[in-house]
Amino acid sequence: MRVRRRELGLEVFNWGEVYDLRALPKTEIYNDFSRPYGLLDATAIVIDVEPGKAPAGLFVYRNREQSPLFGTQGIGLLRLLLPAFRAGVESCRSAFRLREQLSHHVDRLSDGVMLIYARGDVLHDNTVLSDMLAADPESGRLRQELVRIAMVVAAQCEHRGVRHKRRDSVQHHPGR
Amino acid sequence: MKVTLSEADFVRLESAMRTLLSPMAFETIDRWRTASRRAVQAVVQADTAISMLPCDGEPLLECDTDDAQAVAAYAAY
């Protein structure tokens, strides 16, 4: 079954607008997905972000008999959210592009570098570090130790940042 | 299209817009996706929701763990 979203130019829609609901029960998507999971109504925000790639979207479903259908009110509410969704997706994609650029630059450094999220998850090992760790039989322990040290340093930086902010705020309120 | 909004609708809409507009306020994109999905779900009072985002290194589809099997079926489609 063809999804008519693109040809209809829809970015917010109910499944009744993009599928022929009379033919839907005979389709693969209905029998493999909609029916087994009891989906009774579906509405979505979907935007194309790049030719040839899957779109970005938020799909909302009703699967309880007592839940009312989304109707025009649901469509209207999602239309109000469309600009914010588009802006959020663009921000995410920009952040991903920057992350890829950063990883690329870090890979060109001659020292071993590990990029770590503030919460401690490793984002990226550069090529030099990967080679160093691959050659070491204790690479697992070394990796854990690197993350632990980074977390200690990050905590200290954050603590100092908070102290500086407090000092700034006192300076901005003289005589109080 | 006429949309009638209650005070509660306004509160939920404002919360969803703030969330959607602030992916950098979350530690990870995944957390932003979860928060956005739940906020939008609340706006239209849906029973469940799925987020789709085509970015390298991120899962295309994101949902609550209860819906993971359904999402796998959708992804297979």
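Residues numbered from 1 in each chain as written. Chains lettered and ligands numbered in written order. Predicted model: local features only at pLDDT ≥ 70, side-chain atom pairs only at ≥ 80, totals over all residues. Heavy atoms only, no water.

(A) Inspection of the overall build of chain A at higher detail. In terms of helices and strands, chain A carries 6 helices and 5 strands. Overall, chain A shows an N-to-C arrangement of helices and strands of α-β-α-α-β-β-α-β-β-α-α. Out of the 176 residues belonging to chain A, those deemed buried represent 34%. A fraction of 44% describes how many contacts in chain A between residues 6 or more apart in sequence connect residues 24 or more apart. (Helix = DSSP H or I, 4+ residues; strand = E, 2+ residues; numbered from the N terminus. Buried < 20%, exposed > 50% of the residue type's maximum accessible area, 1.4 Å probe, protein only. Contact = heavy atoms within 4.5 Å.)

(B) Quick peek at the interface of chain A and chain B. Tallying the contact residues gives 45 residues for chain A and 43 residues for chain B. In this assembly, chain A packs against chain B so that about 3900 Å² is buried in total across both faces, 71% of it on carbon and sulfur atoms. Applying the counting rule to chain A against chain B returns 2 salt bridges. A salt bridge links Asp56 of chain B to Lys53 of chain A; its shortest N-O distance comes to 3.7 Å. On the surface where chain A and chain B come into contact, there are 10 residue pairs in polar contact (both at pLDDT 80 or more). Among the secondary structure elements, those contributing two or more residues to the side of chain A that touches chain B are helix 3 (28-34), strand 3 (56-62) and helix 4 (71-107) of chain A. The leading source of residues in the side of chain A that touches chain B is helix 4 of chain A, at 22 residues. (Buried area = accessible area lost by both parts, 1.4 Å probe. Salt bridge = Lys/Arg side-chain N within 4 Å of Asp/Glu carboxyl O. Polar contact = N/O pair within 3.5 Å; in protein donor to acceptor, adjacent residues only side chain to side chain.)

(C) Seen up close, the domain arrangement of chain A. Each assigned domain of chain A is listed here: domain 1 (5-95) and domain 2 (109-171). One C-alpha centre belongs to domain 1 of chain A, the other to domain 2 of chain A; they are set 40 Å apart. (Domains from an automatic or database assignment.)

(D) Focus on the packing of helix 1 (residues 7-20) of chain B against helix 2 (residues 29-43) of chain B. Residue and element names in this part refer to chain B. One way to put it is that helix 1 packs onto helix 2 with a least axis distance of 9 Å and a crossing angle of 160°. Classed by the angle they form, the pair helix 1 and helix 2 counts as roughly antiparallel. Crossing handedness for the pair helix 1 and helix 2: left-handed. Note on element contacts: helix 2 touches helix 1 through Trp32, Ala35, Ser36, Ala39, Val40, Ala42 and Val43, opposite Arg12, Leu13, Ala16, Thr19 and Leu20. Of the residues in the contact of helix 1 with helix 2, the class split is 9 nonpolar, 2 polar and 1 charged. (Axes fitted to C-alpha atoms, helices over the stretch in contact; angles between N-to-C directions. Parallel < 35°, antiparallel > 145°, perpendicular 65-115°, else oblique. Left-handed = near helix turned anticlockwise from the far one by under 90°. Nonpolar A, V, L, I, M, F, W, Y, C, P; charged D, E, K, R; others polar.)

(E) Representation of the environment of Ala135 of chain A in the model. Its location among the elements puts Ala135 of chain A in the loop between helix 5 (127-134) and helix 6 (139-171). Its relative accessible area of 66% is what places Ala135 of chain A among the exposed residues.

(F) The side chain of Gln41 of chain B, seen in detail. Locating Gln41 of chain B in the fold gives a position in helix 2. Residue Gln41 of chain B is classed as buried on the basis of its relative accessible area, which comes to 13%.

(G) Representation of unusual backbone geometry in the model. Non-glycine residue Gln45 of chain B carries a positive phi angle of around 50°. If you trace the backbone, Gln45 of chain B turns up in the loop between helix 2 and strand 1 (48-52).

(H) Examining the pairing of strand 2 (residues 41-47) of chain A more closely. Residue and element names in this part refer to chain A. Judged by how many residues are buried, strand 2 sits mostly within the fold: 7 of 7 residues are covered. Taking every second residue as pointing to the same face, both faces of strand 2 are buried, with Asp41, Thr43, Ile45 and Ile47 on one and Ala42, Ala44 and Val46 on the other. By the bridge criterion, 3 bridges tie strand 1 (residues 12-14) to strand 2 in an arrangement that is antiparallel. Paired with Phe13 across the bridge in strand 2 is Ala44. Of the strand pairs in this sheet, strand 2 and strand 3 are connected by 7 bridges, and their pairing is antiparallel. Looking at strand 3, one finds that Asp41 is bridged to Arg62. (Pairing = 2+ DSSP bridges.)

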